[in-house]
Amino acid sequence: MNGPLRPEDGVDNLLRKCMKVKAGETALIVCEDPAHGWYDTAASGIVRTALEKLKCQVSLIQVSGPDQPLPAHYESDLDAHDVIVYLARVGDQDRFVDKLPGKNVAMLYVRDEKSLTSAYAATDHNAMVALKTSVDAVSRASERVTISCPMGTRLEGLVEMEDEAGGEVAVKRFPLCVPQPVLTRAISGQVALVRWLTPTGSRSYSPAAVRIDGIVMAQVEHGRIAGFEGDADSVRAIEQHYTMVSDRFELDKDAIHSWHAGIHPACFFDGNIDDDPDRWSNNIFGSPRFLHFHTCGSSPPGEICWMVLDPTISFDGTPLWLDGRLQPQNFAQTDAAVRSWPELSALLSDDPRPVGL
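Heads up: these notes are all about the structure in this document. (Residues numbered from 1 in each chain as written. Predicted model: local features only at pLDDT ≥ 70, side-chain atom pairs only at ≥ 80, totals over all residues. Heavy atoms only, no water.)

1. Points about the overall build of the chain
Then, number 1: Scanning the chain from terminus to terminus reveals 10 helices and 17 strands.
Then, number 2: Relative to the compact-globule value of 21 Å for 357 residues, the chain shows a C-alpha radius of gyration of 20 Å, a close match.
Then, number 3: If you line up the chain on its principal axes, its C-alpha atoms span 55 × 45 × 35 Å.
Then, number 4: When burial is assessed residue by residue, the chain has 56% of its 357 residues classed as buried.
Then, number 5: In the chain, once contacts between residues fewer than 6 apart in sequence are set aside, the share between residues at least 24 apart is 70%.
Then, number 6: Carbon and sulfur atoms provide 47% of the accessible area of the chain, an area that totals close to 14,800 Å².
Then, number 7: Of the side-chain charges in the chain, 33 are positive and 50 negative, and the distance between the mean point of each set is 4 Å. (Helix = DSSP H or I, 4+ residues; strand = E, 2+ residues; numbered from the N terminus. Rg over C-alpha atoms; globule rule 2.2 N^0.38 Å. Buried < 20%, exposed > 50% of the residue type's maximum accessible area, 1.4 Å probe, protein only. Contact = heavy atoms within 4.5 Å. Areas by Shrake-Rupley, 256 points an atom, 1.4 Å probe, with all protein chains shown as cover. Lys, Arg positive; Asp, Glu negative; His and termini not counted. Charge placed at Lys NZ, Arg CZ, Asp CG, Glu CD.)

Printed below as a string of C-alpha coordinates:
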(Lines give C-alpha, C1' and ligand atoms only; values in the text may rest on other atoms or scores of the structure.)
Protein backbone atom coordinates (compact mmCIF):
# COMPACT_ATOMS: atom_id res chain seq x y z
CA MET A 1 0.00 0.00 0.00
CA ASN A 2 1.57 3.24 -1.18
CA GLY A 3 0.67 6.69 0.09
CA PRO A 4 -1.93 7.65 2.70
CA LEU A 5 -4.93 5.38 2.99
CA ARG A 6 -8.44 6.44 2.05
CA PRO A 7 -11.73 4.87 3.19
CA GLU A 8 -12.23 3.83 -0.44
CA ASP A 9 -9.19 1.54 -0.12
CA GLY A 10 -10.84 -0.45 2.64
CA VAL A 11 -14.18 -0.62 0.82
CA ASP A 12 -12.51 -1.68 -2.44
CA ASN A 13 -10.79 -4.48 -0.53
CA LEU A 14 -14.17 -5.55 0.87
CA LEU A 15 -16.18 -5.46 -2.35
CA ARG A 16 -13.62 -6.57 -4.94
CA LYS A 17 -11.30 -8.91 -3.04
CA CYS A 18 -13.44 -10.29 -0.22
CA MET A 19 -16.98 -10.35 -1.65
CA LYS A 20 -16.08 -10.24 -5.37
CA VAL A 21 -19.20 -8.21 -6.14
CA LYS A 22 -20.29 -8.18 -9.79
CA ALA A 23 -21.80 -5.32 -11.78
CA GLY A 24 -25.57 -5.42 -11.97
CA GLU A 25 -26.13 -7.30 -8.70
CA THR A 26 -28.63 -6.05 -6.18
CA ALA A 27 -27.11 -5.07 -2.85
CA LEU A 28 -28.58 -4.42 0.58
CA ILE A 29 -26.68 -2.59 3.31
CA VAL A 30 -28.03 -3.41 6.77
CA CYS A 31 -27.15 -0.41 8.95
CA GLU A 32 -27.30 -0.31 12.73
CA ASP A 33 -28.70 2.85 14.27
CA PRO A 34 -25.57 4.94 15.06
CA ALA A 35 -27.18 6.02 18.34
CA HIS A 36 -26.00 2.69 19.78
CA GLY A 37 -22.38 3.78 19.32
CA TRP A 38 -21.11 0.77 17.35
CA TYR A 39 -21.32 2.11 13.77
CA ASP A 40 -21.13 5.66 12.47
CA THR A 41 -23.24 7.25 9.74
CA ALA A 42 -20.35 7.69 7.30
CA ALA A 43 -19.46 4.02 6.79
CA SER A 44 -22.73 3.03 5.13
CA GLY A 45 -22.56 5.99 2.78
CA ILE A 46 -19.02 5.10 1.71
CA VAL A 47 -20.02 1.49 1.07
CA ARG A 48 -23.11 2.59 -0.84
CA THR A 49 -21.14 4.91 -3.11
CA ALA A 50 -18.63 2.17 -3.90
CA LEU A 51 -21.40 -0.31 -4.74
CA GLU A 52 -23.07 2.20 -7.02
CA LYS A 53 -19.76 2.75 -8.82
CA LEU A 54 -19.75 -1.00 -9.42
CA LYS A 55 -23.15 -0.55 -11.14
CA CYS A 56 -25.06 -2.34 -8.38
CA GLN A 57 -28.62 -1.51 -7.42
CA VAL A 58 -28.31 -0.53 -3.76
CA SER A 59 -30.83 -0.38 -0.92
CA LEU A 60 -30.38 0.40 2.78
CA ILE A 61 -32.30 -0.75 5.80
CA GLN A 62 -31.73 0.50 9.35
CA VAL A 63 -32.00 -1.82 12.32
CA SER A 64 -31.69 -1.23 16.04
CA GLY A 65 -29.51 -3.17 18.46
CA PRO A 66 -29.41 -6.98 18.26
CA ASP A 67 -31.80 -7.29 21.22
CA GLN A 68 -34.49 -5.17 19.54
CA PRO A 69 -37.24 -6.24 17.09
CA LEU A 70 -36.32 -6.16 13.41
CA PRO A 71 -38.28 -4.12 10.85
CA ALA A 72 -41.35 -5.92 9.50
CA HIS A 73 -39.90 -6.07 5.98
CA TYR A 74 -36.41 -7.21 7.07
CA GLU A 75 -36.66 -10.84 5.87
CA SER A 76 -38.25 -9.90 2.55
CA ASP A 77 -35.52 -7.31 1.95
CA LEU A 78 -32.85 -9.95 2.51
CA ASP A 79 -34.58 -12.32 0.09
CA ALA A 80 -34.77 -9.64 -2.60
CA HIS A 81 -31.01 -8.94 -2.83
CA ASP A 82 -27.96 -10.81 -4.11
CA VAL A 83 -25.37 -9.06 -1.91
CA ILE A 84 -25.85 -8.25 1.78
CA VAL A 85 -23.40 -6.10 3.74
CA TYR A 86 -23.88 -5.99 7.51
CA LEU A 87 -22.87 -2.78 9.21
CA ALA A 88 -24.87 -4.04 12.16
CA ARG A 89 -24.35 -6.49 14.99
CA VAL A 90 -27.39 -8.49 13.94
CA GLY A 91 -25.21 -9.92 11.15
CA ASP A 92 -22.98 -11.57 13.75
CA GLN A 93 -25.78 -13.49 15.41
CA ASP A 94 -26.28 -17.17 14.56
CA ARG A 95 -23.21 -16.83 12.35
CA PHE A 96 -22.58 -20.57 12.32
CA VAL A 97 -25.95 -21.18 10.63
CA ASP A 98 -26.33 -20.50 6.92
CA LYS A 99 -29.59 -18.56 7.13
CA LEU A 100 -29.16 -17.01 3.67
CA PRO A 101 -28.08 -19.81 1.33
CA GLY A 102 -26.97 -18.61 -2.08
CA LYS A 103 -26.47 -15.02 -0.90
CA ASN A 104 -23.15 -13.16 -0.88
CA VAL A 105 -23.06 -11.98 2.75
CA ALA A 106 -20.38 -10.13 4.71
CA MET A 107 -20.23 -9.07 8.35
CA LEU A 108 -18.10 -5.94 8.86
CA TYR A 109 -15.91 -5.47 11.93
CA VAL A 110 -14.76 -2.11 10.57
CA ARG A 111 -17.43 0.12 12.00
CA ASP A 112 -16.65 3.71 11.05
CA GLU A 113 -14.81 5.92 8.60
CA LYS A 114 -11.58 5.81 10.63
CA SER A 115 -11.42 2.03 10.66
CA LEU A 116 -12.19 1.93 6.93
CA THR A 117 -9.22 4.29 6.49
CA SER A 118 -6.76 1.91 8.15
CA ALA A 119 -4.51 -1.02 7.40
CA TYR A 120 -7.05 -3.15 9.24
CA ALA A 121 -9.48 -2.64 6.36
CA ALA A 122 -7.02 -2.08 3.51
CA THR A 123 -4.62 -5.03 3.94
CA ASP A 124 -5.30 -7.28 0.96
CA HIS A 125 -8.03 -9.74 1.91
CA ASN A 126 -6.27 -12.46 -0.09
CA ALA A 127 -3.13 -11.96 2.00
CA MET A 128 -5.18 -12.43 5.18
CA VAL A 129 -6.76 -15.58 3.70
CA ALA A 130 -3.26 -16.91 3.03
CA LEU A 131 -2.18 -16.12 6.59
CA LYS A 132 -5.30 -17.69 8.11
CA THR A 133 -4.92 -20.81 5.96
CA SER A 134 -1.30 -21.19 7.00
CA VAL A 135 -2.10 -20.79 10.72
CA ASP A 136 -4.83 -23.43 10.34
CA ALA A 137 -2.29 -25.71 8.66
CA VAL A 138 0.14 -25.34 11.57
CA SER A 139 -2.61 -26.25 14.03
CA ARG A 140 -3.73 -29.27 12.03
CA ALA A 141 -0.18 -30.58 11.66
CA SER A 142 0.49 -30.36 15.42
CA GLU A 143 -0.15 -32.84 18.20
CA ARG A 144 0.08 -30.69 21.34
CA VAL A 145 -0.51 -27.09 22.27
CA THR A 146 0.57 -25.08 25.31
CA ILE A 147 -0.93 -21.70 26.19
CA SER A 148 0.36 -19.21 28.75
CA CYS A 149 0.11 -15.51 29.57
CA PRO A 150 1.85 -13.09 31.96
CA MET A 151 -1.16 -13.12 34.35
CA GLY A 152 -0.83 -16.86 35.05
CA THR A 153 -2.69 -18.73 32.32
CA ARG A 154 -1.22 -22.23 31.92
CA LEU A 155 -2.89 -24.79 29.67
CA GLU A 156 -1.71 -27.85 27.80
CA GLY A 157 -3.25 -30.64 25.78
CA LEU A 158 -3.91 -32.23 22.45
CA VAL A 159 -4.76 -30.24 19.34
CA GLU A 160 -8.22 -31.15 18.04
CA MET A 161 -10.16 -29.35 15.32
CA GLU A 162 -13.42 -29.79 13.47
CA ASP A 163 -13.40 -31.08 9.91
CA GLU A 164 -11.92 -28.53 7.54
CA ALA A 165 -15.37 -27.32 6.49
CA GLY A 166 -16.62 -27.23 10.09
CA GLY A 167 -16.05 -24.70 12.81
CA GLU A 168 -16.30 -21.80 10.35
CA VAL A 169 -18.92 -19.10 10.06
CA ALA A 170 -21.52 -19.06 7.27
CA VAL A 171 -20.81 -15.44 6.29
CA LYS A 172 -17.69 -13.67 5.09
CA ARG A 173 -15.88 -11.84 7.88
CA PHE A 174 -14.25 -8.54 7.04
CA PRO A 175 -11.54 -8.00 7.89
CA LEU A 176 -10.53 -11.64 8.22
CA CYS A 177 -8.77 -11.62 11.57
CA VAL A 178 -8.98 -15.04 13.27
CA PRO A 179 -8.08 -18.61 12.26
CA GLN A 180 -10.32 -21.62 12.66
CA PRO A 181 -11.06 -22.34 16.33
CA VAL A 182 -9.22 -25.14 18.14
CA LEU A 183 -11.37 -27.41 20.28
CA THR A 184 -10.73 -27.53 24.04
CA ARG A 185 -11.99 -31.00 24.98
CA ALA A 186 -8.43 -32.35 25.32
CA ILE A 187 -6.96 -29.30 27.10
CA SER A 188 -6.52 -28.79 30.86
CA GLY A 189 -4.97 -26.19 33.16
CA GLN A 190 -6.00 -22.73 34.28
CA VAL A 191 -6.98 -19.45 32.62
CA ALA A 192 -6.41 -16.07 34.26
CA LEU A 193 -9.58 -13.98 34.04
CA VAL A 194 -9.05 -10.25 34.51
CA ARG A 195 -11.02 -7.01 34.05
CA TRP A 196 -14.24 -8.30 32.46
CA LEU A 197 -16.18 -11.30 31.22
CA THR A 198 -17.68 -10.38 27.86
CA PRO A 199 -20.12 -11.92 25.36
CA THR A 200 -19.08 -13.58 22.11
CA GLY A 201 -21.53 -11.51 20.07
CA SER A 202 -23.60 -14.52 19.06
CA ARG A 203 -26.66 -13.71 21.18
CA SER A 204 -27.83 -10.76 23.23
CA TYR A 205 -28.39 -10.77 26.97
CA SER A 206 -28.18 -8.33 29.86
CA PRO A 207 -25.98 -7.67 31.68
CA ALA A 208 -23.60 -8.35 28.80
CA ALA A 209 -20.40 -8.14 30.88
CA VAL A 210 -19.25 -8.85 34.43
CA ARG A 211 -16.52 -6.90 36.25
CA ILE A 212 -13.64 -8.92 37.72
CA ASP A 213 -11.52 -7.56 40.59
CA GLY A 214 -7.93 -8.77 40.60
CA ILE A 215 -7.30 -12.14 38.96
CA VAL A 216 -9.79 -15.01 39.03
CA MET A 217 -8.36 -18.35 37.95
CA ALA A 218 -10.70 -20.54 35.93
CA GLN A 219 -9.77 -24.18 36.42
CA VAL A 220 -10.11 -26.24 33.24
CA GLU A 221 -10.31 -30.02 33.06
CA HIS A 222 -10.58 -31.58 29.60
CA GLY A 223 -12.35 -28.58 28.15
CA ARG A 224 -14.76 -28.04 31.04
CA ILE A 225 -14.90 -25.45 33.79
CA ALA A 226 -13.97 -27.15 37.06
CA GLY A 227 -14.30 -24.04 39.20
CA PHE A 228 -13.16 -20.45 39.81
CA GLU A 229 -10.62 -19.26 42.39
CA GLY A 230 -10.01 -15.65 43.47
CA ASP A 231 -11.81 -12.63 44.86
CA ALA A 232 -14.96 -13.99 46.50
CA ASP A 233 -17.29 -11.29 45.18
CA SER A 234 -15.95 -11.68 41.64
CA VAL A 235 -16.25 -15.47 41.77
CA ARG A 236 -19.84 -15.14 42.98
CA ALA A 237 -20.67 -12.68 40.19
CA ILE A 238 -19.06 -14.93 37.57
CA GLU A 239 -20.95 -18.01 38.75
CA GLN A 240 -24.25 -16.11 38.80
CA HIS A 241 -23.55 -14.83 35.29
CA TYR A 242 -22.92 -18.35 33.97
CA THR A 243 -26.12 -19.59 35.58
CA MET A 244 -28.13 -16.71 34.09
CA VAL A 245 -26.81 -17.14 30.55
CA SER A 246 -26.94 -20.95 30.52
CA ASP A 247 -30.49 -21.03 31.91
CA ARG A 248 -31.72 -18.42 29.44
CA PHE A 249 -30.46 -20.28 26.37
CA GLU A 250 -30.51 -23.85 27.77
CA LEU A 251 -26.75 -24.30 27.43
CA ASP A 252 -24.14 -26.53 29.02
CA LYS A 253 -22.86 -24.07 31.63
CA ASP A 254 -19.43 -25.60 32.14
CA ALA A 255 -18.55 -26.39 28.52
CA ILE A 256 -15.63 -24.58 26.86
CA HIS A 257 -16.13 -25.14 23.17
CA SER A 258 -12.96 -23.76 21.59
CA TRP A 259 -10.37 -21.00 21.38
CA HIS A 260 -8.48 -18.98 18.82
CA ALA A 261 -6.19 -15.95 18.81
CA GLY A 262 -6.14 -12.89 16.56
CA ILE A 263 -3.98 -12.76 13.45
CA HIS A 264 -4.47 -9.17 12.23
CA PRO A 265 -1.83 -6.84 13.75
CA ALA A 266 -3.64 -3.75 12.43
CA CYS A 267 -6.73 -4.47 14.55
CA PHE A 268 -7.10 -1.63 17.05
CA PHE A 269 -9.38 -0.06 19.66
CA ASP A 270 -9.07 3.64 20.49
CA GLY A 271 -11.46 3.70 23.44
CA ASN A 272 -11.19 2.22 26.91
CA ILE A 273 -12.37 -1.24 27.91
CA ASP A 274 -14.27 0.15 30.91
CA ASP A 275 -16.42 2.42 28.74
CA ASP A 276 -18.12 -0.55 27.05
CA PRO A 277 -16.50 -3.97 27.61
CA ASP A 278 -18.89 -5.64 25.16
CA ARG A 279 -17.95 -3.27 22.33
CA TRP A 280 -14.27 -3.50 23.30
CA SER A 281 -14.23 -7.30 23.22
CA ASN A 282 -16.11 -7.57 19.94
CA ASN A 283 -13.75 -5.11 18.26
CA ILE A 284 -10.32 -6.17 19.55
CA PHE A 285 -10.67 -9.96 19.30
CA GLY A 286 -8.78 -9.99 15.98
CA SER A 287 -5.59 -8.56 17.46
CA PRO A 288 -2.70 -11.03 17.99
CA ARG A 289 -2.45 -9.60 21.50
CA PHE A 290 -5.59 -11.51 22.45
CA LEU A 291 -6.62 -15.13 22.57
CA HIS A 292 -10.24 -15.75 23.41
CA PHE A 293 -12.08 -18.83 24.63
CA HIS A 294 -15.70 -19.56 23.68
CA THR A 295 -17.36 -20.77 26.89
CA CYS A 296 -20.86 -21.55 28.17
CA GLY A 297 -22.11 -23.88 25.45
CA SER A 298 -21.09 -27.16 23.84
CA SER A 299 -21.83 -25.95 20.29
CA PRO A 300 -20.14 -23.02 18.53
CA PRO A 301 -19.40 -20.43 19.54
CA GLY A 302 -20.45 -20.47 23.21
CA GLU A 303 -21.87 -17.33 24.77
CA ILE A 304 -19.29 -16.06 27.29
CA CYS A 305 -15.82 -14.98 26.22
CA TRP A 306 -12.53 -15.24 28.11
CA MET A 307 -10.06 -12.66 26.77
CA VAL A 308 -6.38 -13.51 27.41
CA LEU A 309 -3.89 -10.67 26.89
CA ASP A 310 -0.46 -11.24 25.32
CA PRO A 311 -0.63 -15.03 25.01
CA THR A 312 2.23 -17.34 24.17
CA ILE A 313 0.86 -20.24 22.14
CA SER A 314 3.21 -23.07 21.22
CA PHE A 315 2.52 -26.00 18.93
CA ASP A 316 4.68 -29.04 19.68
CA GLY A 317 6.96 -26.80 21.73
CA THR A 318 7.45 -24.02 19.17
CA PRO A 319 5.69 -20.65 19.64
CA LEU A 320 3.44 -19.28 16.90
CA TRP A 321 2.39 -16.42 19.20
CA LEU A 322 4.98 -15.08 21.65
CA ASP A 323 3.80 -12.53 24.21
CA GLY A 324 1.02 -11.44 21.86
CA ARG A 325 3.05 -11.21 18.66
CA LEU A 326 2.89 -13.66 15.77
CA GLN A 327 6.08 -15.59 14.98
CA PRO A 328 5.41 -16.84 11.43
CA GLN A 329 9.09 -17.51 10.78
CA ASN A 330 8.94 -20.44 13.20
CA PHE A 331 6.81 -22.63 10.91
CA ALA A 332 7.21 -23.48 7.24
CA GLN A 333 3.52 -22.93 6.48
CA THR A 334 3.24 -19.43 7.96
CA ASP A 335 6.69 -18.39 6.78
CA ALA A 336 5.74 -19.28 3.21
CA ALA A 337 2.54 -17.22 3.45
CA VAL A 338 4.40 -14.14 4.68
CA ARG A 339 7.06 -14.50 1.98
CA SER A 340 4.32 -14.72 -0.67
CA TRP A 341 2.64 -11.52 0.53
CA PRO A 342 5.15 -8.74 1.31
CA GLU A 343 2.42 -6.59 2.90
CA LEU A 344 2.14 -9.21 5.64
CA SER A 345 5.79 -8.82 6.54
CA ALA A 346 5.38 -5.06 6.83
CA LEU A 347 2.20 -5.46 8.85
CA LEU A 348 3.78 -7.90 11.30
CA SER A 349 6.81 -5.70 11.86
CA ASP A 350 4.79 -2.57 12.73
CA ASP A 351 4.41 -1.41 16.32
CA PRO A 352 1.32 -2.85 18.05
CA ARG A 353 -1.87 -0.79 17.73
CA PRO A 354 -3.81 0.52 20.77
CA VAL A 355 -6.00 -2.15 22.37
CA GLY A 356 -8.11 -0.15 24.80
CA LEU A 357 -6.19 -0.90 28.00
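2. Re the sheet that holds strand E4 (residues 104–108)
Then, number 1: Spatially, E2-E1-E3-E4-E7 is the arrangement adopted by the five strands of the open sheet, whose pairing is parallel. Pairing within the sheet leaves two strands with one partner each, and these edge strands are strand E2 (57–63) and strand E7 (172–174). Recorded for the sheet is a direction-independent mean angle of 20 degrees between the axes of neighbouring strands.
Then, number 2: Pairing geometry for strand E1 (residues 26–32) and E2, over seven bridges, is parallel. What sits directly across from Glu32, in E2, is Val63.
Then, number 3: Here helix H1 (residues 7–18) sits on the sheet and contacts strand E3 (83–87), E4 and E7; the angle it forms with E7, its principal contact strand, is near 160 degrees.
Then, number 4: Contacts between helix H2 (residues 41–53) and the sheet are confined to E1, E2 and E3, with E1 contributing the most and set at about 175 degrees to the helix. (Pairing = 2+ DSSP bridges. Axes fitted to C-alpha atoms, helices over the stretch in contact; angles between N-to-C directions.)

3. Comments concerning helix H8 (residues 277–284)
Then, number 1: Most of H8 sits inside the fold, with seven of its eight residues counted as buried.
Then, number 2: Along H8, the residues classified as buried are Pro277, Asp278, Trp280, Ser281, Asn282, Asn283 and Ile284.
Then, number 3: Of the surrounding secondary structure, the elements contacted by the buried residues of H8 are helix H5 (119–122), strand E9 (187–199), strand E13 (290–295) and strand E14 (304–309).

4. Comments concerning the pattern of salt bridges
Any two side chains of opposite charge can pair, so long as their charged atoms come close to each other.
Then, number 1: The final tally for this structure, using the stated rule, is 18 salt bridges.
Then, number 2: Residue Glu156 is joined to Arg144 by a salt bridge in which the shortest nitrogen-to-oxygen separation is 3.5 Å. Of this pair, Glu156 sits in strand E6 (residues 154–158) while Arg144 sits in strand E5 (residues 144–148), and the two are 12 residues apart along the sequence.
Then, number 3: Glu303 serves as the salt-bridge partner of Arg203, at 3.3 Å between the closest nitrogen and oxygen. A residue pair is termed long-range when its members are at least 10 positions apart, and Arg203 in the loop between E9 and strand E10 (210–221) and Glu303 in the loop between E13 and E14 qualify at 100 residues.
Then, number 4: Arg203 sits in the partly exposed class, given a relative accessible area of 30%.
Then, number 5: In this structure Glu303 comes out as buried when scored by relative accessible area, which is 3%. (Salt bridge = Lys/Arg side-chain N within 4 Å of Asp/Glu carboxyl O.)

5. Regarding the packing of aromatic side chains
Then, number 1: Taken as a whole, this structure holds five aromatic pairs when the rule is applied.
Then, number 2: Seen from their ring centres, Trp280 and Phe290 are 5.3 Å apart, and the 85 degrees between their planes marks the pair as edge-to-face. Of this pair, Trp280 sits in helix H8 while Phe290 is found in strand E13, placing the two residues 10 residues apart along the sequence.
Then, number 3: You can call Trp280 buried: its relative accessible area is 3%. (Phe/Tyr/Trp six-rings, centres within 6.5 Å; stacked < 30°, edge-to-face > 60°.)

6. Side note on unusual backbone geometry
Among all residues save glycine, negative phi is the norm, and among peptide bonds the norm is trans.
Then, number 1: A cis amide bond, omega -10 degrees, links Phe174 with the succeeding residue Pro175.
Then, number 2: Mapped onto the fold, Pro175 is located in the loop between E7 and strand E8 (182–183).
Then, number 3: Geometrically, the link from Ser206 to Pro207 is a cis peptide bond, its omega value of 0 degrees lying close to zero.
Then, number 4: We note that His222 has phi near 50 degrees; this positive angle belongs to a residue other than glycine.
Then, number 5: In the Ramachandran plot, Asp316 falls in the positive-phi region, its phi being about 50 degrees despite a non-glycine side chain.
Then, number 6: Here Asp316 is to be found in the loop between strand E15 (312–315) and strand E16 (318–322).

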